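Observations on the model geometry
Here is how the chains run, residue by residue.
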Amino acid sequence: MATETHAPTTVVDLDIDGMTCASCANRIERKLNKLDGVTATVNFATEKAHVTTPAGTDAAILIDAVEQAGYAAHVPAPSGDETIGDPTGRTHEPVDALRQRLVISAALTIPVIAMAMIPALQFDYWQWLSLTLAAPVVVWGALPFHRAAWTNLKHGTATMDTLVSIGTLAAFGWSVYALFWGAAGVTGMTHPFSFTIERMDGTANIYLEAAAGVTTFILAGRYFEAKSKRQAGAALRALLELGAKDATVLRDGVETRIPISELTVGDEFVVRPGEKIATDGLVVSGQSAIDASLLTGESVPVEVCAGDAVTGATVNAGGRLVVRATRVGADTQLAQMSRLVEDAQAGKAKAQRLADRISGVFVPIVIAIAVGSLGFWLGSGQPASMALTAAVSVLIIACPCALGLATPTALLVGTGRGAQLGILIKGPEALESTRRVDTVLLDKTGTVTTGIMKLHAVHAAPGETETDVLATAGTLEAASEHPIARAIAQAAQHRGTLAAVDQFVNVPGLGVQGMVGDRAVVAGRPTLLDDWAMPLPDDLRTAFDEAQHRGQTAIAVGWDGAARGVLVVSDEIKPSSKDAISRLRGLGLRPIMLTGDNEPAARFIADQVGIDEVIAEVLPEQKVDVVRRLQGEGRSVAMVGDGVNDAAALAGADLGIAMGTGTDAAIEAADLTLVSGDLRTVVDAIRLSRRTLSTIKTNLFWAFAYNLAALPLAAAGLLNPMLAGGAMALSSVFVVSNSLRLRGFRPQK
């Protein structure tokens, strides 16, 4: 039986320049997919193409295909290059250029609109001043639209840019014609609004305010969109910046500080307490506790000694270590996580703007109607000025001023209100996801819990007091740098002043010992107390075992030949978590805890806050697998997390929600960020996002409704261009007013 063979493939990522709307991404995607053996996904939000090609395919072929579609492409810098996501890089240029273009255009447009709308400002020759002010706006301010329209024309396609360009040029061209060859240029000409529906000769009117106003409104929408896209590479930058920048290597017994880029496999380097581990490696000598919570989500530090593997970017919370590098650069776990985030972002469903989806049909129809109106009225014997008036009216009424405002105004008001409530919304992509979400994955550490180790309970042996046990243990632990020791020491310090410690010794992997006053005190695992002939009595053993079963950390304490108590340390549940879970259920959402912690600890926390489903002991890449599995089951998944270990899952989920108390990598990979760290804000974030999305859709409906309702009148020659401009302005006022209603959004009580 013949077996099917699959040719080897390779993945090529390309940075795309020149896209202005989602239809541009679709055009590039179609062009790339026409190549033999190529499967491409173009993401408009991140301006990247993710291309799977037959092995050995030259990237130049892909770049050439993109250029044939009218856009520019290039292979991005290597993953280790420090320029990736650089805030001074190329992603800033379009934003800065748009801001400059918008500010200058707005400054020139405001007086043009004011003179056209207010007859009292229409002094002698005001129309010529309007022409002087509007010309730079239409020619230079709208240049990006004209360029895009020309590119579209060369490739036989049309987008909203085409309509903006034709509409503004038509209004401007007609105004120039009316000024120089019509009656609009005479001294003392006034320009009152006319709301009569009648056939008329439009050569006495100018429409410069429509041309300049449309340009400025659309530029404003593009500017705010470009600002959100500017952050596309921030998740990767946050991950890359998490790692150490330099390392102290041992060469011929001498410690030398070198940049991390010069570190090679086999180098031995020193990691002092509090420092980040430079790269993945094996411990050569020393014992310590490693805080890996940023990467693994595990709240309890991991004890390591000679022969144990350690991961780059984790923090040495204890003693001095010497580590031999086993993986550097792009091979490290941190770099692999960076690629996970990048792949997850590239695989996100493209958030197509409704206006862009419709433009492929709407724009050609409008142009056809305008040309048809012109031909019909000329053919029926009407004056050329009347036929031109009808054609220009069609283009102006269809010019998408309100469409340009529909998304950014609702987004600005919604995100502004969200910021007041501690909810940061990245953009329309996040809003489109909230309506479909039915499952919420919740990380444990830092999301449901505080992520900070705290003393939970003190169990004293018969004849001892909890106060004495805590004070003695806290005094001893104060000499240690271990996070669990710090939690005990801080709790003891809150209840009184700590004494001095003498002869302090850290017993690697077991605990600590020392002299507190005249007491020889031992604290740590029961085996350490056993070595000192201080076995735990039954009541303390029971307390110790119960704490371990709940996933908490228990520390046994003894002195003067007997075990004196057990101290229980655990990650504290946020006070708001239980209420938040209840509210999520009220929205019809299914909460699931997804964590790297062990099963008992996760189950203990889940039971207390009301979560029925728990998926524990998962690695970062496994979190992504869980998200994909649920999506494969037809579920729309929201992920809530705060650590670097959550970043890839946040990016891969349909909706990523990061706690603002977490890491930059998690925040940048998410669609929504909650500043307060209060889990109840997740509910308000979803409610606000859904309300904002509903407002955007309402705006888009009415923006089209105004235009479509007036198109037949314009084509019939019954709507003069001034009335067309007025209807367009009215639709814009409606869109803005509707968006402002979002300011009344209130958090759920």
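Residues numbered from 1 in each chain as written. Predicted model: local features only at pLDDT ≥ 70, side-chain atom pairs only at ≥ 80, totals over all residues. Heavy atoms only, no water.

Per an unreviewed UniProt entry, the protein goes by the name Cation-transporting P-type ATPase B and belongs to Tsukamurella paurometabola. Looking at the Sequence similarities (unreviewed entry) heading of the UniProt record, one finds this comment for the protein: "Belongs to the cation transport ATPase (P-type) (TC 3.A.3) family. Type IB subfamily." (UniProt positions renumbered as here; feature names shortened; annotations may be inferred.)

Turning next to the overall build of the protein. Regarding its fold elements, the protein presents 26 helices and 26 strands. A fraction of 70% describes how many contacts in the protein between residues 6 or more apart in sequence connect residues 24 or more apart. For the protein, the accessible surface area stands at approximately 31200 Å², while carbon and sulfur atoms represent 57% of it. (Helix = DSSP H or I, 4+ residues; strand = E, 2+ residues; numbered from the N terminus. Contact = heavy atoms within 4.5 Å. Areas by Shrake-Rupley, 256 points an atom, 1.4 Å probe, with all protein chains shown as cover.)

In spatial order, the strands read S16-S21-S20-S19-S18-S17; together these six strands make up an open sheet with antiparallel pairing. What marks the edges here is a single partner per strand, and that holds for strand S16 (449-460) and strand S17 (501-507). Within the sheet, the average angular offset between the axes of one strand and its neighbour, ignoring direction, is 20 degrees. Relative to strand S20 (residues 553-559), strand S19 (residues 519-524) runs antiparallel, the two being bridged by four bridges. Each residue of the ladder has a partner; that of Val-522, found in S20, is Gly-558. (Pairing = 2+ DSSP bridges. Axes fitted to C-alpha atoms, helices over the stretch in contact; angles between N-to-C directions.)

Here we take up the packing of aromatic side chains. Counted according to the given criterion, the structure contains seven aromatic pairs. On the basis of an interplanar angle of 80 degrees and a centroid distance of 5.2 Å, the ring pair of Trp-128 and Phe-180 is categorised as edge-to-face. Separated by 52 residues along the polypeptide, Trp-128 in helix H4 (residues 126-141) and Phe-180 in helix H6 (residues 160-180) bring together distant segments of the chain. Between the aromatic rings of Trp-174 and Tyr-177, the centroid separation amounts to 5.5 Å while the plane-to-plane angle is 40 degrees, which identifies the pairing as tilted. With Trp-174 and Tyr-177 both in helix H6 and three residues apart, this pair spans about one turn of that helix. Owing to a relative accessible area of 4%, Trp-174 belongs among the buried residues under this scheme. Residue class for Tyr-177 comes out partly exposed when judged on its relative accessible area of 33%. Positioned over the ring face of Trp-140 is Arg-101, at 4.8 Å from the centre of the ring. Here the basic side chain of Arg-541 rests over the ring of Phe-544, its NZ or CZ set 6.0 Å away from the ring centre. (Phe/Tyr/Trp six-rings, centres within 6.5 Å; stacked < 30°, edge-to-face > 60°. Buried < 20%, exposed > 50% of the residue type's maximum accessible area, 1.4 Å probe, protein only. Lys NZ or Arg CZ within 6 Å of the ring centre and 35° of its normal.)

Across the five residues that make up strand S25 (residues 655-659), a large majority, five, are buried. Residues Leu-655, Ile-657 and Met-659 of S25 are buried on one face, and the alternating residues Gly-656 and Ala-658, pointing to the opposite face, are buried as well. Of the pairings in the sheet, the one linking strand S24 (residues 637-641) to S25 comprises four bridges and is parallel in character. What sits directly across from Gly-641, in S25, is Ala-658. Where S25 and strand S26 (residues 672-674) come together, three bridges link them in parallel fashion.

Relative to the helices and strands, Thr-326 is located in strand S13 (residues 321-327). A relative accessible area of 36% means that Thr-326 is categorised as partly exposed. Considered as a pair, Thr-326 and Thr-311 are 15 residues apart in the sequence and their alpha carbons are 9.9 Å apart. Excluding anything up to four places from it in sequence, Thr-326 contacts Val-265, Asp-280, Gly-281 and Leu-282.

What follows covers the packing of H4 against helix H5 (residues 143-154). Angle between the axes and distance between the axes are the two parameters that describe a pair of packed helices. Closest axis-to-axis distance for the H4/H5 pair is 5 Å, and the angle between their directions is 40 degrees. Accordingly, the angle class assigned to the pair H4 and H5 is oblique. Across from Val-138, Val-139, Trp-140 and Gly-141 in H4, the residues of H5 making contact are Leu-143, Pro-144 and His-146. For the contact of H4 with H5, the per-class residue count stands at five nonpolar, two polar and no charged. (Parallel < 35°, antiparallel > 145°, perpendicular 65-115°, else oblique. Nonpolar A, V, L, I, M, F, W, Y, C, P; charged D, E, K, R; others polar.)

Right, let's get into the sheet that holds strand S11 (residues 309-310). What the six strands build is an open sheet, ordered S6-S5-S7-S13-S8-S11; its pairing is antiparallel. Looking at which strands have only one partner, the edges of the open sheet turn out to be strand S6 (254-259) and S11. Inspection of the sheet shows strand S7 (residues 268-271) paired to S13 by four bridges, in the antiparallel sense. Bridge pairing in S13 links Phe-269 to Val-323.

Moving on, we come to unusual backbone geometry. Here the phi dihedral of Tyr-125 falls at roughly 70 degrees; this positive angle occurs in a residue that is not glycine. Of note, Tyr-125 is situated in the loop between helix H3 (92-117) and H4. Assessed through its relative accessible area of 44%, Tyr-125 is described here as partly exposed. Residues other than glycine seldom take positive phi values, yet Asp-560 does so here, at roughly 50 degrees.

In the case of a regular strand, side chains alternate between the two sheet surfaces. Buried residues dominate strand S22 (residues 590-594), accounting for four of its five residues. Looking at chain direction, S22 and strand S23 (residues 613-615) are connected through three bridges and run parallel. When the sheet's bridge partners are listed, Leu-594 is paired in S23 with Ile-615. What joins S22 to S23 is helix H21 (residues 599-609), and the crossover it makes is right-handed. (Right-handed = clockwise from strand over helix to strand, strands pointing away.)

This part takes up the pattern of salt bridges. As enumerated under the stated definition, the model contains 20 salt bridges in all. Between Arg-320 and Glu-255 there is a salt bridge, with the nearest N and O atoms lying 3.1 Å from each other. Placement of Arg-320 in the loop between strand S12 (315-316) and S13 and of Glu-255 in strand S6 is noted, with a sequence separation of 65 residues between them. Its salt-bridge partner being Arg-680, residue Asp-579 comes within 3.8 Å of it at the nearest N-O pair. (Salt bridge = Lys/Arg side-chain N within 4 Å of Asp/Glu carboxyl O.)

What follows deals with the confidence of the model for the protein. The predicted model of the protein has a mean per-residue pLDDT of 79, with 82% of residues at 70 or higher. The secondary structure element of the protein with the lowest average pLDDT is helix H8 (residues 234-242), at 57, and the one with the highest is H4, at 94. Per-residue pLDDT stays below 50 along residues 1-5; that stretch engages in zero contacts with residues further than four places along the chain or on separate chains. A low-confidence stretch, residues 347-353 (pLDDT under 50), is modelled with 19 contacts involving residues beyond four sequence positions or located in other chains. (pLDDT = per-residue confidence, 0-100.)

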